[in-house]
Structure formats: C-alpha cells, structure tokens
Amino acid sequence: MSSTGGDSAFPTPKPPQSGVRTVLQYTGIPPSWLDKRPSLPSRNWLIFLSVTSAVTGYYIYDRQQCKKIRQEYVDQVKDLAAQPLGSMELPRKVTVYGAKWLGDEDYDRSMKYFRKYVKPVLVAAAVDYDMIKGRRLGDIARRVAEDIRAERRLMLGLDQPMTGPMQLPGTSPEERRRRWLEGGLVIVGRQTLKEYMAGLKRGWTEGLEVVDREEQLAKDLENDGKFDEPEPESSLDSSLGDDEPIPTPSRIPTSRPFSVLTSPTLRVPPPPKPADGIPPHLNAPPAVIPPQPPMLLVSFTNHIGLTQIPIMIWDFFNERYKVRDGAEAALKLIKGCTRPFTAPPPEVLSRAEEASTDPAQPQKPFLAELSPTDLDFDREAESYYKKSAVRDFLKEIEAARKSYYDGLAKKLETARALARGTREPTKEEKNYPPPTEVELRAERLKKELRWRSDEEGFSIVRPEKDVEWDERFRNVLKVYTDPPQDSKSDGAPTPSP
Amino acid sequence: MDFSQMNPAEQAHMTRVIERKQMQDFMRMYSNLVERCFNACCNDFTSKALSSKEEQCVLNCTDKFLKHSERVGARFAEHNAEMMNSAVQK
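In this text the structure is predicted, and so the values were computed from the model without any measurement.

About the cut-offs
Residues numbered from 1 in each chain as written. Chains lettered and ligands numbered in written order. Predicted model: local features only at pLDDT ≥ 70, side-chain atom pairs only at ≥ 80, totals over all residues. Heavy atoms only, no water. Core = buried A, V, L, I, M, F, W, Y, C linked by side-chain atoms within 4.5 Å. Buried < 20%, exposed > 50% of the residue type's maximum accessible area, 1.4 Å probe, protein only. Helix = DSSP H or I, 4+ residues; strand = E, 2+ residues; numbered from the N terminus. Domains from an automatic or database assignment. Contact = heavy atoms within 4.5 Å. Disulfide = S-S within 2.5 Å. Buried area = accessible area lost by both parts, 1.4 Å probe. Polar contact = N/O pair within 3.5 Å; in protein donor to acceptor, adjacent residues only side chain to side chain. Nonpolar A, V, L, I, M, F, W, Y, C, P; charged D, E, K, R; others polar.

Draft legend 1. Representation of the nonpolar core within the structure. Residue and element names in this part refer to chain A. Grouped together as the largest cluster of nonpolar side chains are 52 residues, with contacts concentrated most on F114, L122 and V186. Secondary structure elements with two or more residues in this core: α3 (43-81), β1 (93-98), α4 (109-124), β3 (185-188), β4 (295-298), α13 (319-335), α17 (387-420) and α19 (437-461). Composition of this core by domain shows at least three residues from each of domain 1 (53-159 + 171-207 + 283-383 + 467-487) and domain 2 (388-457). Ignoring any residue separated from it by four or fewer positions in sequence, one finds F114 in contact with V96, K119, L122, Y129, M131, V186 and V188.

Draft legend 2. Inspection of the state of the cysteines at higher detail. All names here are of chain B. The full count for this structure, using the stated rule, is 2 disulfides over all chains. The side chain of C37 participates in a disulfide bridge whose partner is C61; the two sulfur atoms lie 1.7 Å from each other. Classification of the bridge connecting C37 and C61 rests on its S-S torsion, roughly -85°, and on that basis the disulfide is left-handed. Taken together, the residues C37 in helix α1 (residues 8-41) and C61 in helix α2 (residues 52-89) connect sequence positions 24 residues apart. Across the disulfide from C41 sits C57; the S-S distance is 1.9 Å. Measuring handedness by torsion sign, the sulfur bridge of C41 and C57 sits at about -75° and is left-handed. One end of the pair, C41, is in helix α1; the other, C57, is in helix α2, and 16 residues separate them in sequence.

Draft legend 3. Region of interest: the domain arrangement of chain A. All names here are of chain A. Here chain A is partitioned into domain 1 (53-159 + 171-207 + 283-383 + 467-487) and domain 2 (388-457). Each of domain 1 and domain 2 has a C-alpha centre, and these two points are 39 Å apart. Contact residues are listed per partner, giving 7 residues for domain 1 and 8 residues for domain 2. Around 650 Å² of area is buried between domain 1 and domain 2 when both sides are counted, 53% of it from carbon and sulfur atoms. Interface area lost by domain 1 to domain 2 is led by L102, R136 and L137, which between them contribute 66%. At the boundary of domain 1 with domain 2, the tally comes to 2 residue pairs in polar contact (both at pLDDT 80 or more). Here the side of domain 1 that touches domain 2 is built from residues that sort into 2 nonpolar, 2 polar and 3 charged.

Written as structure tokens, this is what we have:
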C-alpha cells in the first residue's frame, strides 16, 4: 500500500500544518498568500522609498535636534525668569540692531535671524529687547548718529530734557543711562557693525546743529539747474540770489523757490536754531567718549541668488547649527562677561589708511594678515555678497538718475504750459491730469533723497571698506564673550538685574 | 490739575470731588480684590474656619494684587509720559 499518489476519490492527506497557518487558513485569506516567502519590493520601489525616507528622515532628525538644542539652552536660563522683581523695578533691556543686506530687497532678514535663533533664549530669561531695523543702506548709521547728537546736546545743556507732569522713580536721566549701559547691544552681521561704527564715529565727530536733511537737500537742489527754463535767461537767473526766499510768480521765467513753499506747510516749525548759535568750544568733537554698553556680535550670512541655492538647501536641512550659534550668543549676552573691543594698534591703522586712500583700489590685506581683531568680525560673510549687486549698485543709481532727468524736461514743459494757460489740456489730460510743477519738485526731492542716502549707505557698507574706527573708541567699547572656563562660579560677570 | 487758576472755593470743591472719586476707586479695588482672592483660595467648604494654607494664600493674593496694581500704574504713567513727550515734540 503506497502512501503517495492517491486518486481523485481519496486525495493524499496533507501533512500536519504548523502554527499560524492553521489559524489563518480559515480566515478567508487566499491560501497562496500563506505560502509566500517575505521578499523585498521591486528595484524601482526600493530606490524611491530609500531616497524619500532618507530625505524625510534627515529633515525630521534636524528639526528634532533643533528643538532639543533650544530646550537645552532655555533650561539653562529659565531660572532667571523666576526671580522676583520689585514692582517699581524694570527688567534688563537690550537694543538689537539689524541692517539691510546688500543686494536683498528684504531688509528684515537680519532681524528675522535674531527673532528665530536668539530671541527664544532671551524670552526664557525674561530679558527685554528693542529691535531697530535699517530699511535702507545707511539707516542705522544715521539713526545712531542722530541719537548720539541728541544726547550730546542734552548733556551740554543746549536742549532741555523732556519732563512729564510727574517724575517716576525709574526714569531720571541717570537711571535711564545706567539701565542703557547695563542692557547691552546686539549687532547682527558685519554690515550692521559697519553701520553702527560709522554712526558712532559720525555722532561723536559732527557738530551739534540741528540739521534737517530734507531741507538741506532742498536747498542744494535749488541751485541745481534742473528746473530751469531752456530759454537763455542766464542774466535774470544770476541776479536772483539765494536771499530771495519768497517766490515771485510775476517773474515768469524763474521758478526756483517753490520748494521753500512746499516744505513749511508740512511741518509746524519750531524756529530753527541758527547754526552760528553754538559756540565752537561746545561744537568741537569731545576728546573722551563716555563708556558704551557692551556689544554682542552675532555673525549672520544671507544667501541670495541662483549660485547660492545649493547652500540654501544645505542650510534648510542643517538648521541646528544656526540654532546652536544663536543660542550660544544669547547665553553669552545673558551671562554678561565682557572683554574690551580689540582693534589693531594705531600705527598699523594709520599706515593702512595712507596706503589705501583710493576707495576704488581693493583694501591691502594689511590688517587681515595680522591676528584677527574685532574689526574683522565676520569678514567671510562678505564674500557671500552677490557680485553683481556690489559691482552695479552705483551704476544702477546713475542710470536711474539719468533716465529720470531725461524724462523730466518733457514733463516740466507740459506742466508749465498747462499752468500758464498757453495750451488747453487735451481730453486725456483732463481725465488724468499730469503732475504739476510743485508735484514734480516734490517727487524730485524724494528721489534725490533716496538716491543720496543709498549712495551714502553703500559707501559705508561696501566690502572693500573696513569698519570705521576712531582712537577715542579704544577703551570705551566692550564685547560679550564666553565666561572663563576655569570653574570660578562667579567669574567676572557684569551684574544683570 | 490746574490749581493755580482757581480761587480757593473752587479749589476746595475740586479737592472734595477728587477725594470722593479716589474713595470710590479704592472701594472698588477692595471689593475686586476680595472676590478674586476668595475665588482663588477658598475651595473647600467642609469647615468654617480658614485653614493655615488658605491664610497663606490670602496673604500672597493681597500682596501680589497690590504689587501688580502698582506696577501697572507705573507702566501706564511711563507710557503716558512718553506719548505726551512725543506729542509735544511733534
């Protein structure tokens, strides 16, 4: 009797089945599935899945690390926020400066870096911050210079300090200055450092007259021949000096002094102090500068342009480095250990200055070859500027100016013809009246202001130019640094209330 | 308040008005404080007496409320002063 090869009536009994198969065979799963061996998906699927999961996994890993790093730094400082503060006391306040990156239309990027990477740690430590952005190149320099000049005027008694109806205990000028000194500054990026130092130097060097930039510019533009008539009225033009501020519409050819009319109506003018009202001994730049609050230098690079897209992608997947740098910087600020601002000794600086007075020449690598000082902070970030932006900045402004003035004569002609009534307005001119001469002047003032501020800002920020330095700054500036590594528990921190 | 331009009768009247307003304000603040502290501290009515925990809570509550009101007042005054300064400067 053979146990193999049965016939149709008596099929061979199947061998006893093991484990899972016995349970699952009655569930309705097709039996062929129960016999399959596990196998990998096809080659194409494998490629797809591995690439996708690698990319997603790296992204998730990076963001998890970011959170972890941030939490680690927050935990280090959050006890500071739980400390009691008297009801009449104020928390520490730092001032954050963020200038515009050359070539980027978005002026906010440096401030966004601050907000994303440095601010969380400051918030956890209950440190208040004041954010000052520069909308155009050179804005921060101007603002800092204005603030310093206002303070100088107050100190010398040329201006009266503003006192409200009641004097609060925390707001006397000495208190305010003390809090400002203890607060500290945050400078995001090399361009901000350049602008800040330029503003500082200007503020402590310039005279103290109150100068309204727009008015100054209006006066300069009046003497420009751009709004003159094309007819030969040179004799009349020269006879009218600048001492005729009131417009005389009866003298038809000349139309210069209108700009003086437009500006006063827009302001309520306090009578401007005459420039010669300030005695020269007060106006001179002081020889010694009072101590300045310590600075936190935060390195920042903005990547723009097609060629930097691979770097942008790398940054997107590796944000944890920026989180760590930002949090480290915030921790330095909170701990408060400072060191003096280092700059090359005066002989080196004067040598470098006389060697390269021509701004078109590239800066000789004098200073950088010596040991790096704080004036070389973040120099490598400048190599990331868009080359075309740096090269063409001034040329673009020139081209814009040229095209504007070329089109101006024609518009001026239309405006004057319509105003004097030598010509009836055409139908489309009735519907869309062309700009009058006053409007044209105002527009010109605005454009010139913008162009000149841009040019000035560019001359501060361009890569070939070094950070401005003045010998008076030498012992007055400080920089936040890491607390000393040897385990002195209270190293030498400046007190942070 | 501009006391230099009023004669003594008006001054006295103004002082009385101001005093009454201050009294009202004070009473309002007091009742607000009592309500808040009660809601925050006393949740267990199984006994009539104030336990020591509740006593401590009430102490903390009044302290914090008054300090808070002081600080809010200071910030408000600062803010007002700043606004007035900038209005004067303009």
